[in-house]
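Listed here are the chains, written in short residue letters.
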Amino acid sequence: MFLSHPETDVDIVKVMPSHDDQRLRPLRMLFLFWLPLTVCRLQRGFAALSGVVIACMIFSSVAFGQEQDAARKQYSKKIASDYNYRFGKELPFAPGNPEVQGGGFIQPGAFPDAKYCAHCHQEAYHQWRQALHSNSFREPFYRTSVNLLNNTKGIEFSRHCDSCHNPIGVLSGALTENSQVDRKFDNNGLTCMVCHSIQKLKSTSGNGGYIMGVPSVMVDENGNRIPGEVPYDEILKHTDRHSQAIMQGFYRTPEFCAACHKANLPEPLNDYKFLSAFTTFDEWQDSKFSHRNPLTFYPGDFKTCQNCHMQRAPNTLPDYGAKNGTFASHSWAAGNTGVPFYYGFDEQLEKTTKFLQAGNYLNVDIFGIKMAGNKQLIGPLGSVPIHIEPNDVLDAYVVIQNKNIGHSLIPEVRDLYEAWLEFDVKDSQGKDIYHSGFLRPDGELDPRAHSFTNRPVDKNGTFVDNHQVQTIHSVAYDNTIQSGRSTLVRYRFRVPADIKSSISITAKINYRHFRQSYINNVLGENHPAYPIVEIASRTRTLRIGDNLPTAAEANDNPDWMRWNNLGIGYLDQLQYAASVQAFAEVVRLRPDYADGYTNIALTDIEWEQFGPARKAIDKALLLSPNNARALYYRALLERRAGQSDAELADLEEVVQQYPQSRDARRELGITYFQRDDDENAMQQFEALEKIDPDDVAAHYNLAVLYRRMGMKKQAEQEQMLLLTEKVDPESLTSSLAFLRSHPDVSTESVPWHIHTDLPQKDAGSGKKGP
């Protein structure tokens, strides 16, 4: 039975009836087996016929697969005849990174529709339909951005984005001028059989770094993939062969997610150079959850992306994929509240909101108070007494800890999403004394709010407002909190002169998907207010006069951890003396805590206080011998002291414990390099490049090492990678131009700034007003 394929004029075989065409199954099964059975029609006897039928089924499967392969080659030939190979015939899907197993293009109809899968997987289909994966292309917030790219540079450039947002469109060859491909698949984004047809992963550079196989829901007896849809009863008879077709072991790894949840802007896209876009996978690698990094501030249980975003829960609909009444979520709840709100997907919106609020992901700590003009920090609040008076000018120190997120806050496209700290001081009657991080009447965020965002700019220093990634040349500033780290935010306000009773201080992290101005760009200004989710908050009430210590609340960190987080915040703001003082309080409260001494040491190293650093690291190793984190920093001190043998031994031990640590591999490679051990140095930098294909230190050192060893071709490849991936120092010019013209943002770019409404003469003096 031959049908004209809707996307082309090439005739292809209809594989099997779809789920809504059950009556034709017997007829089509007869057709599939008719030819070989005719050849075998002279056979007699049940036993002989049974063997022949099995042989004929195998012959039919092979023949059918051959016909499908021929049809795909015909389709590819037709697409290739007028396809725009702007980036070279060897890179048909560039600037994206996907490949097709066997080369060529794949017919859109070769991917079984999600509704076909829904017959046996109702729960998965129901969740997927409201999830971001199924709406990855059609939703207007993405389409606005990608359409601008199409209209300004050409549709072929959108292969960069659509390699992840619309893989069928890319792999079918639809993204070229005057394409005749029927794009009805656009409404389904990432279907079941997009993800479940990926056969291999490329490097973890992202941008769609996967290899797509022939879409198949079943393999035959020999393990050959059977293209397209197969009758349900055949799948149920051979569930092992169904699993073999649609499951791969790497589907459960973070590397699978890295294929799309890591991205860069390559030179062919921006006509400039390689720029890192977002690195969610790398951030997970560096987190406590990966168990690949010895340098984290806190330990944690091993967790993958799937452990957080595909948690098992009771299924409400029948699904053969359920186990013991639970199903691995295909809602992929994360942070996108905007798309489900736009489509009215209340269930997905509720799941996303609960996910954001239920994970103890962030800790908000109103740590302490400084009287303006006084260097002493009074804290931790609640554990020490404090006295305040009317007219006092107070500096509040708020510490935000990224406690249990496996990546940064926010991990991707920070220019579009909004997370910010709202800080509010009220009197006992609820009247505002000071408020930062409020929303203006037009829905825009207070421009002086402390927000966890960035500001990408073009070559002229203009903010790239509509996520036109092809125009980005630099990032003016980037406020985020990496996994396991903390940030310190300061606020200054005056206690009213007529205050009678008390003041309450509230700090909370709010989140909105998307930024208000971007929503306006996409939908116009007459749209409903998009949801704002409060992720974490803390309120403290201070009486006028004396305040004695109070009991901690359930979500408060213990005092040693509060000091530790303050020290991390100081460290990241380059305030080393204050950081060391904070970490000293940690070991005072917990003298058995080895990491407290290591924290002192690493801060002293940054501050080039190498003598005190060595004393602190020796204490850490006395408390925790063979501790990989302490050994790493001791090795850096040994390098400084010229103790090469000891340095080598320590770093080899760290790599032995953490073979996937990029930092340990990098430093061990440098050690070998400095000892003129080129062979071992090369091995370390090659291992580093497998962990992070975009590591500039690996490119530089391998370029030198390969050239020393006469490997000219490899040396040239590494040199080219180095040239395109290293930071362009002239890009700072664009950043500075933007900051000069945006003073509020310029203030935010300074790590240790203070938020205040007070006039400069009052804010800085610490004197009481009239």
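Data block above holds the structure.
The rules behind the values
- Residues numbered from 1 in each chain as written.
- Predicted model: local features only at pLDDT ≥ 70, side-chain atom pairs only at ≥ 80, totals over all residues.
- Heavy atoms only, no water.
- Helix = DSSP H or I, 4+ residues; strand = E, 2+ residues; numbered from the N terminus.
- Rg over C-alpha atoms; globule rule 2.2 N^0.38 Å.
- Buried < 20%, exposed > 50% of the residue type's maximum accessible area, 1.4 Å probe, protein only.
- Contact = heavy atoms within 4.5 Å.
- Areas by Shrake-Rupley, 256 points an atom, 1.4 Å probe, with all protein chains shown as cover.
- Pairing = 2+ DSSP bridges.
- Axes fitted to C-alpha atoms, helices over the stretch in contact; angles between N-to-C directions.
- Core = buried A, V, L, I, M, F, W, Y, C linked by side-chain atoms within 4.5 Å.
- Salt bridge = Lys/Arg side-chain N within 4 Å of Asp/Glu carboxyl O.
- Left-handed = near helix turned anticlockwise from the far one by under 90°.
- Nonpolar A, V, L, I, M, F, W, Y, C, P; charged D, E, K, R; others polar.
- Disulfide = S-S within 2.5 Å.
- Phe/Tyr/Trp six-rings, centres within 6.5 Å; stacked < 30°, edge-to-face > 60°.
- Lys NZ or Arg CZ within 6 Å of the ring centre and 35° of its normal.
- Parallel < 35°, antiparallel > 145°, perpendicular 65-115°, else oblique.
- Expected span 1.5 Å × (residues − 1).
- Arc of directions from axis to C-beta.

Draft legend 1. Fine view of the overall build of the protein. Scanning the protein from N- to C-terminus turns up 30 helices and 24 strands. In terms of C-alpha radius of gyration, the protein reaches 30 Å, essentially the compact-globule figure of 27 Å for 770 residues. Relative to its 770 residues, the protein shows a buried fraction of 54%. If you take every contact in the protein between residues at least 6 apart in sequence, the share linking residues at least 24 apart comes to 67%. A total of about 34600 Å² of accessible surface is found on the protein, and carbon and sulfur atoms cover 53% of it.

Draft legend 2. Representation of the sheet that holds strand 12 (residues 362-371) in the model. Read across the open sheet, the 4 strands follow the order 12-14-20-24; overall the sheet is mixed. Each of the sheet's edge strands pairs with one partner strand only, and the pair in question is strand 12 and strand 24 (754-756). Strand-to-strand twist of the sheet, defined as the mean angle between neighbouring strand axes without regard to direction, takes the value 25 degrees. Here strand 14 (residues 393-402) pairs with strand 20 (residues 486-494) via 9 bridges, running antiparallel. For Ala-396, the partnering residue across the bridge sits in strand 20 and is Tyr-491. Against the sheet, helix 18 (residues 559-572) makes contact with strand 12, strand 14 and strand 20, and its axis sits at roughly 90 degrees relative to strand 20, the strand it touches most.

Draft legend 3. Quick look at the nonpolar core. Phe-297, Tyr-298, Leu-566, Tyr-570 and Tyr-633 are the most contacted members of the largest nonpolar core, which totals 55 residues. Residues in contact with Tyr-633, not counting those within four places in the same chain, are Leu-295, Thr-598, Leu-602, Ile-605 and Ile-617.

Draft legend 4. Highlighting the pattern of salt bridges. The tally for this structure, following the rule as stated, stands at 44 salt bridges. In this structure, Lys-237 and Glu-234 form a salt bridge, with 3.8 Å as the shortest nitrogen-oxygen distance. One end of the pair is Lys-237 and the other is Glu-234, both in helix 9 (residues 232-237) and 3 residues apart, which spans about a single turn. When its relative accessible area of 18% is taken as the criterion, Glu-234 is described as buried.

Draft legend 5. Highlighting the pairing of strand 20. Counting buried positions along strand 20 gives 9 out of 9 residues, so the element sits mostly inside the fold. The alternating pattern of strand 20 places Ser-486, Leu-488, Arg-490, Arg-492 and Arg-494 on one face and Thr-487, Val-489, Tyr-491 and Phe-493 on the opposite face, and all of these are buried. Bridge count for strand 20 against strand 24 is 3 bridges, and the pairing is parallel. Note that in strand 24 the partner of Arg-492 across the bridge is Thr-756.

Draft legend 6. Representation of the side chain of Arg-666. Turning to its location among the elements, Arg-666 is positioned in helix 24 (residues 662-674). A residue is classified by how much of its surface remains accessible, and Arg-666, at 17% relative accessible area, is buried. Sequence-distant contacts of Arg-666, defined by excluding residues within four places in its chain, comprise Phe-685, Leu-688, Asp-695 and Ala-697.

Draft legend 7. Here's a closer look at the packing of helix 21 (residues 610-623) against helix 22 (residues 628-640). Here helix 21 crosses helix 22 at 145 degrees, and the two axes come no closer than 10 Å. Read as a crossing pair, helix 21 and helix 22 show a hand that is left-handed. Counting all contacts with helix 21, which are made through Phe-610, Ala-613, Arg-614, Ile-617, Asp-618, Ala-620 and Leu-621, the residues of helix 22 involved are Ala-630, Leu-631, Tyr-633, Arg-634, Leu-637, Glu-638 and Arg-640. A breakdown of the residues in the contact of helix 21 with helix 22 according to their chemical character gives 9 nonpolar, no polar and 5 charged.

Draft legend 8. Region of interest: the state of the cysteines. All told, the structure shown has 1 disulfide when counted by the stated rule. The partner cysteine of Cys-164 in its disulfide is Cys-260, sulfur to sulfur 2.0 Å. With the S-S bond torsion at -95 degrees, the cross-link from Cys-164 to Cys-260 turns out left-handed. Note that Cys-164 is positioned in helix 6 (residues 159-165) and Cys-260 in the loop between helix 11 (254-258) and strand 8 (263-265), a separation of 96 residues in sequence. Among the residues examined, Cys-164 registers a relative accessible area of 12% and is labelled buried. Free cysteine Cys-257: the closest other cysteine sulfur is in Cys-305, separated by 3.9 Å.

Draft legend 9. Region of the structure containing the environment of Lys-303. Relative to the elements of secondary structure, Lys-303 occurs in the loop between helix 13 (280-285) and helix 14 (305-309). Classification of Lys-303 as partly exposed rests on a relative accessible area of 35%. Not counting the four nearest positions on each side in its chain, Lys-303 is found in contact with Trp-284, Phe-289 and Cys-308.

Draft legend 10. Quick look at the packing of aromatic side chains. As enumerated under the stated definition, the model contains 30 aromatic pairs in all. Between Tyr-116 and Tyr-232, the ring centres sit 5.1 Å apart and the planes meet at 25 degrees, which makes this aromatic pair stacked. Of this pair, Tyr-116 sits in helix 3 (residues 114-118) while Tyr-232 sits in helix 9; the two residues are 116 residues apart in sequence, bridging distant segments of the chain. For the pair Tyr-116 and Tyr-232, a shared accessibility class is recorded, and that class is buried. Ring plane angle 50 degrees and centroid distance 6.4 Å describe the contact between Phe-463 and Phe-738, whose orientation is recorded as tilted. Taken together, the residues Phe-463 in the loop between strand 18 (454-457) and strand 19 (474-478) and Phe-738 in helix 28 (residues 731-741) connect sequence positions 275 residues apart. Taking the relative accessible area as the measure of exposure, Phe-738 reaches 2% and is therefore buried. Ring-pair connections join several aromatic residues into one group, and the members of that group are Phe-141, Phe-341, Tyr-342, Tyr-343, Phe-345, Tyr-417, Phe-514, Tyr-518 and Tyr-530. A cation over a ring is seen here: Lys-89 above Tyr-85, with NZ or CZ 5.5 Å from the ring centre. Over the aromatic face of Phe-463 sits the side chain of Arg-455, whose NZ or CZ is 5.1 Å from the ring centroid.

Draft legend 11. The packing of helix 24 against helix 25 (residues 678-691), seen in detail. Interhelical geometry of helix 24 versus helix 25 gives an angle of 160 degrees and a closest axis separation of 8 Å. One way to sum up the angle between helix 24 and helix 25 is to call them roughly antiparallel. Taken as a pair, helix 24 and helix 25 cross one another with a handedness that is left-handed. Contacts between helix 24 and helix 25 involve Arg-662, Arg-665, Arg-666, Leu-668, Gly-669, Ile-670, Tyr-672 and Phe-673 from the first element and Asn-680, Ala-681, Gln-684, Phe-685, Ala-687, Leu-688 and Ile-691 from the second. Classifying every residue of the contact of helix 24 with helix 25 by side-chain character gives 9 nonpolar, 3 polar and 3 charged.

Draft legend 12. View of helix 27 (residues 712-725). An ideal rise of 1.5 Å per residue puts 20 Å on 14 residues; helix 27 measures up with 20 Å between its terminal C-alpha atoms. When helix 27 is considered as a whole, its buried residues turn out to be Ala-715, Glu-718, Leu-722 and Glu-725. Taken end-on, helix 27 shows its buried residues confined to a sector of 110 degrees, consistent with a single buried face. Exposed residues pointing more than 90 degrees away from the buried face of helix 27 are listed as Lys-712, Lys-713 and Met-720. Lining the buried residues of helix 27 we find helix 25 and helix 26 (696-708).

Draft legend 13. View of the sheet that holds strand 4 (residues 198-201). Ordered by their spatial adjacency, 3 strands build an open sheet running 3-5-4, and the pairing between neighbours is mixed. With partners counted over all chains shown, the strands left at the sheet margins are strand 3 (99-100) and strand 4, one partner each. Bridge count between strand 4 and strand 5 (residues 210-212): 3 bridges; the pairing is antiparallel. In the sheet register, Lys-200 faces strand 5, and the bridge partner there is Ile-211.

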